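# An overview of the molecular structure
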Amino acid sequence: MAFAAEKLQSDDALLDAYSASVADAVDRIGPAVCRIERIGAGGHGSGFVIAQDGLVVTNFHVVGDARAVRVTMPDGAAREGRVLGRDPDTDIALVRADGSFADVAPLGDSKRLRRGQIAIAIGNPLGFEWTVTAGVVSALGRSMRASTGRLIDDVIQTDAALNPGNSGGPLVSSAGEVIGVNTAMIHGAQGIAFAVASNTANFVISEIIRFGRVRRAFIGVSADTTNLPRRAALLSQVTTNTAVRLRSVEKNSPAAKAGLKEGDIIAAIDGRPVTGVDDLVRMLDAERIGRETLCTVVRRSGVSRVVVTPVARS
């Protein structure tokens, strides 16, 4: 009986610690989460403030082609915002809301995520404003097809319950950092939802701020992050233990013309390690368009050096 009582107390303590972690994260990020409505077009979604001067992150499919949106904060204050830029390929959009904001939601490093880590979704589902759901990170490095038909790489899968209206809201870690932007759920499935990783969102935001759009070099592959065996790392002369495995190579693409194939592992680009899909996305920036790019490729037959010349993504 004494053992059972001690175990019950221990379980209660663990539950209290879990609840406290979730509540603390919500207290930290919740005030920066907003409701976003297209002005004159109907429909709504969620977003979150990332800078005190009114930069707000949301989904592309929340703002659509709208130029202006209404941004409503948890205290009821409503401001008008204009869409600075949108990237349909990653379902990310950036809005500038009028005024200044005391509460912001910092973007964390999604590369540090682990499966099983607590994941908290905050948003405005089905008209129920500023709702919190919690679950875990179910899988990392997923791919999901965007509305443009292109694959969004490095997507986080979670079992935190999402519903229409959650789109564009933050997926938050127990440390109170945004680890993803909630973007989709699977209708008819329970416990399967997706978020664009924060590192991908950060890249897109930086491009929009600098250029008003996302410029990309295109080689025609989709990929997953994978472990890099120690022998392969030594042969390819990189010091990391992860790399990128090609899931598919588009026909007649620059990658296909260069000889890259499904199953190839890209360990480095121009001598710089490629530790994950977010590295691949970041490295294939506009500066590489039309420029010969050396890929260090690991195959069963050994390590190869393959030269690819990216083209501009249309």
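Anything mentioned here points back to the structure above.
The structure reproduced in this document is the subject of the present report. Fair warning: this is a prediction, and the values are worked out from it, not measured in the lab.

Analysis parameters
Residues numbered from 1 in each chain as written. Predicted model: local features only at pLDDT ≥ 70, side-chain atom pairs only at ≥ 80, totals over all residues. Heavy atoms only, no water. Helix = DSSP H or I, 4+ residues; strand = E, 2+ residues; numbered from the N terminus. Contact = heavy atoms within 4.5 Å. 1 Å grid on protein atoms, 1.4 Å probe; cavity = no way out; pocket = protein on both sides within 12 Å on 5 of 7 lines; lining within 4 Å. Points joined across faces, edges and corners; volume = space filled by probe spheres on them. Nonpolar A, V, L, I, M, F, W, Y, C, P; charged D, E, K, R; others polar. Pairing = 2+ DSSP bridges. Axes fitted to C-alpha atoms, helices over the stretch in contact; angles between N-to-C directions.

### Describing the environment of arginine 35
- In this fold, arginine 35 is placed in strand S1 (residues 33-38).
- For arginine 35 and proline 125, which are 90 residues apart along the polypeptide, the C-alpha to C-alpha distance reads 9.9 Å.
- Setting aside residues up to four positions removed in sequence, arginine 35 forms contacts with His44, Gly45, Arg70, Val71, Thr72, Asn124, Glu129 and Trp130.

### Focus on unusual backbone geometry
- A positive phi angle, close to 60 degrees, is found at aspartate 91, a residue other than glycine.
- Tracing the backbone through its elements, the reader meets aspartate 91 in the loop between strand S5 (78-87) and strand S6 (92-97).
- Despite not being glycine, aspartate 270 has its phi angle at roughly 50 degrees, a positive value.
- Within the secondary structure, aspartate 270 sits in the loop between strand S16 (265-269) and strand S17 (272-273).

### Here's the deal with the layout of surface pockets
- Empty space within the largest pocket amounts to approximately 570 Å³.
- Among the secondary structure elements, those contributing two or more residues to the lining of the largest pocket are strand S8 (131-145), strand S9 (151-158), strand S14 (221-227) and helix H6 (277-283).
- The class makeup of the residues in the lining of the largest pocket is seven nonpolar, eight polar and five charged.
- Reported here for the second largest pocket is a volume of approximately 430 Å³.
- Around the second largest pocket sit 23 residues that line it, and Leu151, Asp153, Val221, Val281 and Arg313 are the ones nearest its centre.
- Elements with a minimum of two residues in the lining of the second largest pocket: S9, strand S13 (217-218), S14 and H6.
- Of the residues assigned to the lining of the second largest pocket, the class counts are 10 nonpolar, six polar and seven charged.

### Some details on the sheet that holds S8
- Spatially, the six strands close up into a barrel ordered S7-S8-S9-S12-S11-S10, and their pairing is antiparallel. Neighbouring strand axes in the sheet, compared pairwise and without regard to direction, differ in orientation by 50 degrees on average.
- Note: S8 against S9, five bridges, orientation antiparallel. What sits directly across from valine 137, in S9, is threonine 158.
- With respect to the sheet, helix H3 (residues 198-211) is in contact with S9, strand S11 (178-185) and strand S12 (193-197), its orientation differing from that of S12 by roughly 50 degrees.

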